[in-house]
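Secondary and tertiary structure notes
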Amino acid sequence: RPAVEYDGVTKTFDSDGGEVVAVEDLDIQVRDGEFLVLVGPSGCGKSTTLRLLAGLETITDGEVRVGGEVVNEAKPKDRDIAMVFQNYALYPHKTVAENMRFGLEMTSDLPDDAIDARVNETAEMLSITELLDRRPDALSGGQKQRVALGRAIVREPEVFLMDEPLSNLDAKLRTEMRTELQQLHEQLGVATVYVTHDQTEAMTMGDRIAVLNDGALQQLGTPLECYHEPANRFVAGFIGSPSMNFVELEYTPRTGVGRRGDITYEVTDEQSTQLGDRGHVTLGIRPEDIELATETGPATVVASVDVVEPMGRENLLHVSIDDREVVASVSGEYDISIGQDIRLRFPRDRIHMFDSG
Ligand code: ADP
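Attention here is on the structure that accompanies the text. Because the structure is predicted, anything quoted here is derived from the model rather than measured.

Look at helix α4 (residues 141-153) against helix α5 (residues 171-188): their axes get within 12 Å of each other, and the N-to-C directions meet at 20°. Judged by the angle between their axes, α4 and α5 are roughly parallel. The handedness of the crossing between α4 and α5 is right-handed. Of α5, the residues touching α4 (which contributes G142, Q145, R146, L149 and I153) are L173, M177, E180, L181, L184 and L188. Residues that form the contact of α4 with α5 fall into these classes: 7 nonpolar, 2 polar and 2 charged.

Written out as structure tokens, the structure is:
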């Protein structure tokens, strides 16, 4: 059975004068032991989705199940979950050890020595044994983060919930903690639902990622599925950095050809079915899939270089093709300068087609 199921879950908030739909008809299953990342832009409903699971918001419609049990009406402490917050939410007057004990004391009837054993074991796992007697104000941000994790781990829950847990750490520490969280996850094998707005974090950490926009699930898949086979234009533009380039063409269903200026694109039979009688088609190509061409040929165009961003192994080129701006990532070994005309190739098998727009 799945560790967590969202089954047709909707959440609306009353706000002055109207209703805000924060999450709409959400279906997500989190597999046992899976690291699932909820990702999307600010306001898309990630936190609400997590808080519904935590019991911090009431569910308007649908069902949430943890370990097969419906938890719609269950109090947070009666759900088999442990949450790690962005701001750590440690008790300032308790020591690290007391912070770690507290949640366990509230939710289990383990004897004291069993609780002590778990706290010590967890502290060792997180290398915070020497901090156990300190109070939170004597800890660095990274150490507080570990304590917050420790407090969740000692509970041995069915699911960990994490709401942007690394966003208050500096860039270097954030990268280190990402790796460490992944190792912890390997070691513990506990299902985890992790919220972030950062697509890089989602891509590097998730077994699968759930991409949300406007309160609706856009795609649920492995990072590579979302990257290579984005379900729609939103996912295509959100996943991957730098972002995919898009161009909208006029589309003639009768001939199956999209056209804009010099660009023509003939759709496949399958795509033609998907498009039906729409008058437009959107094409997308990732910057890293565009190639420098040395000679004229099919699928090549001349582009004028506006900006060169040296990234080391790659150069990021911002170019103009007619009046369109396109970003291409090409090998850093080529010496390309601003104002130069270059020839770019758009490999047909790297072009994505979307029926929106
Ligand atoms: P995210 O975590 O992706 O930034 P949220 O889940 O916080 O998004 O919010 C989703 C939507 O629900 C937003 O439009 C937000 O303004 C709204 N919302 C969230 N919490 C409340 C609340 N308590 N009252 C009213 N609207 C809310």
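Structure shown, so let's carry the discussion forward.
The subject of this paragraph is the site of the ligand. Taken together, the residues surrounding the ligand are F13, V20, A22, P41, S42, G43, C44, G45, K46, S47 and T48. In this structure, an oxygen atom belonging to the ligand sits 2.7 Å away from a main-chain N or O atom of G43. Interatomic distance of 3.1 Å between a backbone N/O atom of C44 and an oxygen atom of the ligand. Within the complex, the protein chains bury 61% of what would otherwise be the 560 Å² of accessible surface of the ligand. Listing elements by their share of the shell around the ligand, those giving two or more residues are β2 (18-30) and α1 (46-54). The leading source of residues in the shell around the ligand is α1, at 3 residues. Partitioned by chemical class, the residues of the shell around the ligand number 5 nonpolar, 5 polar and 1 charged.

Rules behind the numbers
Residues numbered from 1 in each chain as written. Predicted model: local features only at pLDDT ≥ 70, side-chain atom pairs only at ≥ 80, totals over all residues. Heavy atoms only, no water. Axes fitted to C-alpha atoms, helices over the stretch in contact; angles between N-to-C directions. Helix = DSSP H or I, 4+ residues; strand = E, 2+ residues; numbered from the N terminus. Parallel < 35°, antiparallel > 145°, perpendicular 65-115°, else oblique. Left-handed = near helix turned anticlockwise from the far one by under 90°. Contact = heavy atoms within 4.5 Å. Nonpolar A, V, L, I, M, F, W, Y, C, P; charged D, E, K, R; others polar. Near = heavy atom within 4 Å. Polar contact = N/O pair within 3.5 Å; in protein donor to acceptor, adjacent residues only side chain to side chain. Areas by Shrake-Rupley, 256 points an atom, 1.4 Å probe, with all protein chains shown as cover.

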